[in-house]
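Each chain, letter by letter, is given below.
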Amino acid sequence: MSKLEKLLAANKIWAAQMKETDAPFFERLSELQAPKFLWIGCSDSRVMPNAGAGLLPGELFVHRNIANLVVHTDMNCLSVMQFAVEVLQVEHIIVCGHYGCGGVQAALENTRLGLIDNWLRHIQDVGRDYRLILEAADSREARLDKLCEINVIEQVMNAGQTTVVQDAWRRGQTISIHGWIYHITDGIFRDLQVTLDSLEDLNDLGLKMIDKQKGE
Ligand code: CO
């Protein structure tokens, strides 16, 4: 059996098991998706948002890219966010990074990988803003961990700056943006405690992060 045949065979077993526990499961899903969460995460194969958070198909709307970036002009990410917030009415956006992120590492070490260097340039901009914190880290690993965390926080703020989220807050829609980080070595998601529920929260976090940039 080829590798792909194995995938298709495993899929048949999975679908049968799902039907066994909940017979009308797929029928119900085909009529409606009503996820409460939008996940913006890294493409890294070791991070499994649905399974890792105990969520079934239909419960998590997902956007993934290299190093979980929310770039102001990325129509792909913005379109996912708009559909999630305005049509699906998700209540939570989770920006989830992970320690040991290859994208963040390449940005930190200025590794030349090709086209992707232009995408990772966004993280290098973040690194430049927080260079005092990064320089204070006492090892290469600690510096990478720090940039992985700061990158999540910056993307949480970027998500909060989108017209999609700003308009939702202005019209009184309940939408929270959370920053999480995943540890590949223990399988645990950690909340970085930077949740934004409003424009005020966004402004407060922005000021706090400016202090951090000054090393305070
Ligand atoms: Co990554």
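Residues numbered from 1 in each chain as written. Predicted model: local features only at pLDDT ≥ 70, side-chain atom pairs only at ≥ 80, totals over all residues. Heavy atoms only, no water.

Peer 1: What's the story with the pairing of strand β1 (residues 37-42) in this structure? I'm lost.
Peer 2: Two faces belong to every sheet, and in a regular strand the side chains alternate between them. The buried count for β1 comes to five of six residues, which makes it a mostly enclosed element. The pairing of β1 with strand β2 (residues 60-65) spans six bridges and is classified as parallel. Within β2, the residue paired with G41 across the bridge is R64. Judged from the five bridges that link them, β1 and strand β3 (residues 92-98) form a sheet pairing that is parallel. When the bridges of β3 are listed, L38 appears paired with I93. (Buried < 20%, exposed > 50% of the residue type's maximum accessible area, 1.4 Å probe, protein only. Helix = DSSP H or I, 4+ residues; strand = E, 2+ residues; numbered from the N terminus. Pairing = 2+ DSSP bridges.)

Peer 1: Help me understand the side chain of Q166, please; the structure alone is not making it clear to me.
Peer 2: Its location among the elements puts Q166 in helix α9 (residues 163-170). Residue contacts for Q166: discarding those within four places in its chain leaves G160, Q161, L199 and L202. (Contact = heavy atoms within 4.5 Å.)

Peer 1: Can you walk me through the coordination of the cobalt ion in this structure?
Peer 2: Tetrahedral metal sites with four donors have an ideal angle of 109.5 degrees; octahedral sites with six donors have ideal angles of 90 or 180 degrees. In the first shell of the cobalt ion, the protein supplies C42 (SG), H98 (NE2) and C101 (SG), at 2.0 to 2.3 Å from the metal. Read in sequence order, the donor residues for the cobalt ion give the motif C-x55-H-x2-C. Taken together, the residues C42 in strand β1 and C101 in the loop between β3 and α5 (102-109) connect sequence positions 59 residues apart. Exposure remark for C101: the relative accessible area of 2% places this residue in the buried category. (Donors = N, O, S within 2.8 Å, 3.2 Å for Na, K, Ca; no water.)

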